[in-house]
Amino acid sequence: MDELTTISSNASAFDAHHAPSNEIIEKCVHCGFCLPVCPTYVLWGQEMDSPRGRIYLMKIASEGAAEMNSTWVSHFDSCLGCMACMTACPSGVDYGKLIEATRAQIERKTERSQGEKLHRRFMFQTFTRPDRLRRMRWPLLTYQKSGLQALVRGLGLLKLLPKKMQAMEALLPKLGPREAVDEVTPAVGTKRHRVGLLLGCVQREFFSQVNAATARVLAAEGCEVVAPRAQPCCGALLVHSGEEAAAIELAKKTIDAFERANVATVVTNAAGCGSNVKEYGHLLRDEPEYAERARAFAEKCKDISEVLTELEPRARRQRLKLRVAFHDSCHLQHAQGVRLQPRALLSSIPELELAEIPEAATCCGSAGIFNLVQPDAANALGDRKAGLIEPLMADVVATGNPGCILQMQSALARRGWKIPVVHTIQVLDASIRGEPIESLLR
């Protein structure tokens, strides 16, 4: 602990703006139930890289017994924010609020290296801007379709790049035609509901087929689907990385866009985005013009699997003779508490066989930008997950988050396994449309 502690006047290392809640910190009784589900503790076995260890670091910093030096910060940078500890915790410690508050303090009060600042700035100014992501499509398509990517990888040229650049290249999605979603998709048959669709950023530009499938399935089930063109990034990537002020501004714009759309439900299909918008009430709690509106908006937000399992099925499911391994996204199962609904959707498809992946509570290593800023740990977790998938002999892996799709595709490819990874809604869409199995295996 010598590297963490410092002689001080007992002044908190945190500033007064949204410091980690002492009330939440004190709820932790250090029982250890969080240890076996924490990915970094599983990897390294280090107390300070476990949830209770990090809570202890928050506590001593708040009491002025530790400074926010590079060693202290490193233990929070290594946290995936997967929230598995929250599911396991018998005391109900809201670790999610603690880690987000701590990261916001870190970004305000500490100085990162110039290289790290540039790397993060690139991600935050690119991945939160659908317009910039769209401009990247043609260069990426050219890189992939021309054979240049295969040549670069085959010759091992990527090893000449910094490790974080190697990680970014390994996670590139395989791009195909962009499928646009109309601003309004009419319901098939009698309209039962009018819902909004959160399009996301990476999802909108690099996984447009997921949004298109989501709109088709909702329409087939009698929902009029509104996808406001004015909707920005929801701010998930920013708030999970401690960039609180920028996240608040995007949250306000998102609320504005969907209030104008006049919808009863806002549907999310990216788990990280879904967990974020459901917490808008907390994020905007100090904003007089938005606090109440944010709470009302958050109550409208539901994952696509929640929405569909609450509706009496109208569209006929046609058989899909597939063995599907289902992967629980952390921000779906832990942050949102959604586990049974995706399984229910998949199980409703005739002849589909659902396979459970062992260690379902453990993160695959994606975790927002974690696999881009902590590539070694992310790869270790991805390889662990891939090793658990292979014995299942699945035709397809299904999950509810684009980051998980990229992470598991990369991990499976490293082991030479060509198992497609798709979004859960794509499987259901194929069943409703009567598409052949090959449509999922492309």
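Residues numbered from 1 in each chain as written. Predicted model: local features only at pLDDT ≥ 70, side-chain atom pairs only at ≥ 80, totals over all residues. Heavy atoms only, no water.

Draft legend 1. Spotlight on the overall build of the protein. When helices and strands are tallied, the protein shows 25 helices and nine strands. Relative to the globule expectation of 22 Å for 442 residues, the C-alpha radius of gyration of the protein, 22 Å, shows essentially globular dimensions. Reported as C-alpha extents along the three principal axes, the dimensions of the protein are approximately 70 × 55 × 40 Å. In the protein, which comprises 442 residues, the proportion classed as buried is 56%. At a minimum sequence separation of 6, the contacts of the protein that also span at least 24 residues come to 79%. In the form shown here, the protein has an accessible surface area of approximately 19,300 Å², with 54% of it arising from carbon and sulfur atoms. Of the charged side chains in the protein, 54 are positive and 50 negative, and the gap between their average positions amounts to 6 Å. (Helix = DSSP H or I, 4+ residues; strand = E, 2+ residues; numbered from the N terminus. Rg over C-alpha atoms; globule rule 2.2 N^0.38 Å. Buried < 20%, exposed > 50% of the residue type's maximum accessible area, 1.4 Å probe, protein only. Contact = heavy atoms within 4.5 Å. Areas by Shrake-Rupley, 256 points an atom, 1.4 Å probe, with all protein chains shown as cover. Lys, Arg positive; Asp, Glu negative; His and termini not counted. Charge placed at Lys NZ, Arg CZ, Asp CG, Glu CD.)

Draft legend 2. Structural detail: the sheet that holds strand S9 (residues 421-423). Strand order in this open sheet of four strands is S7-S6-S8-S9, and the pairing throughout is parallel. Two strands bound the open sheet, and with one partner strand each, they are strand S7 (353-356) and S9. Adjacent strand axes in the sheet meet at a mean angle of 35 degrees when their direction is disregarded. The sheet contact formed by strand S8 (residues 396-399) and S9 spans three bridges and is parallel. In the sheet register, Ala398 faces S9, and the bridge partner there is Val422. (Pairing = 2+ DSSP bridges. Axes fitted to C-alpha atoms, helices over the stretch in contact; angles between N-to-C directions.)

Draft legend 3. Representation of the packing of aromatic side chains within the structure. Scanning the entire structure with this criterion turns up five aromatic pairs. Pairing Phe122 with Phe127 gives two aromatic rings, centres 6.2 Å apart and planes at 70 degrees, and the pair type is edge-to-face. One aromatic cluster is present, built from ring pairs that chain together Phe14, Trp72 and Phe76. The ring of Tyr290 carries Arg293 above its face, with NZ or CZ at 4.3 Å from the centroid. (Phe/Tyr/Trp six-rings, centres within 6.5 Å; stacked < 30°, edge-to-face > 60°. Lys NZ or Arg CZ within 6 Å of the ring centre and 35° of its normal.)

Draft legend 4. The arrangement of unusual backbone geometry in detail. One non-glycine residue, Met83, adopts positive backbone phi at about 70 degrees. Within the element layout of this structure, Met83 appears in the loop between helix H4 (70-77) and helix H5 (84-88). The phi dihedral of Ala367 falls on the positive side, at around 55 degrees, and the residue is not glycine. You can see Ala367 is positioned in the loop between S7 and helix H21 (370-373).

Draft legend 5. Looking closely at the nonpolar core. Membership of the largest hydrophobic core comes to 94 residues, with the highest contact counts inside it found for Leu218 and Tyr280. In terms of residue count, helix H14 (residues 244-261) provides more of this core than any other element does, seven residues in total. Residues within four places of Tyr280 in sequence aside, it is in contact with Cys234, Leu250, Ala251, Thr254, Ile255, Ala294, Phe297 and Ala298. Counting 26 residues, the second-largest nonpolar core is a separate cluster that includes Val73, Val93, Tyr95 and Ile99. (Core = buried A, V, L, I, M, F, W, Y, C linked by side-chain atoms within 4.5 Å.)

Draft legend 6. Spatial organisation of the environment of Gln125. By secondary structure assignment, the location of Gln125 is in helix H7 (residues 114-126). Of the residues examined, Gln125 reaches a relative accessible area of 43% and is grouped as partly exposed. Separated by 262 residues in the primary sequence, Gln125 and Gly387 place their C-alpha atoms 34 Å from one another.

Draft legend 7. The environment of Arg295, seen in detail. Inspection of the secondary structure assignment puts Arg295 in helix H17 (residues 291-300). Taking the C-alpha atoms as reference points, Arg295 and Gly196, separated by 99 residues in sequence, lie 17 Å from one another.

Draft legend 8. Main features of the sheet that holds strand S4 (residues 265-268). Within the open sheet, the five strands sit side by side as S1-S3-S2-S4-S5. Their pairing is mixed. Here the strands that pair on one side only, and so sit at the sheet edges, are strand S1 (184-185) and strand S5 (301-303). Relative to S4, strand S2 (residues 193-197) is paired through three bridges, and the arrangement is parallel. Looking at the pairing, Leu197 lines up with Val267 of S4. Of the strands in this sheet, S4 and S5 touch H17, which is tilted by about 25 degrees from S5.

Draft legend 9. View of a nonpolar patch on the surface. Together, Leu148, Leu151, Leu155, Leu157 and Leu160 line one region of the surface with nonpolar side chains, adding up to about 510 Å² of accessible area. Its place among the elements puts Leu151 in helix H9 (residues 148-154). On the accessibility criterion, Leu151 (49% relative accessible area) is partly exposed. (Patch = residues over 30% accessible without salt bridge, like charges linked within 9 Å, V, L, I, M, F, W, Y side chains within 5 Å. Salt bridge = Lys/Arg side-chain N within 4 Å of Asp/Glu carboxyl O.)

Draft legend 10. Quick look at helix H24 (residues 424-433). A large share of H24 lies buried, amounting to nine of its 10 residues. One or two residues past the end of H24 sits Gly434, with phi positive at roughly 70 degrees.

Draft legend 11. Seen up close, empty space enclosed by the protein. Per the counting criterion, the structure on display carries four cavities of 30 Å³ or more. For the largest cavity, the lining is made up of 18 residues, of which Cys28, Cys34, Ile55, Cys89 and Val93 are closest to its centre. Those elements giving two or more residues to the lining of the largest cavity turn out to be helix H3 (51-62) and H5. Broken down by element, the residue count for the lining of the largest cavity peaks at three residues, all from H3. (1 Å grid on protein atoms, 1.4 Å probe; cavity = no way out; pocket = protein on both sides within 12 Å on 5 of 7 lines; lining within 4 Å. Points joined across faces, edges and corners; volume = space filled by probe spheres on them.)

Don't take any of this as a statement about function, it's just geometry.
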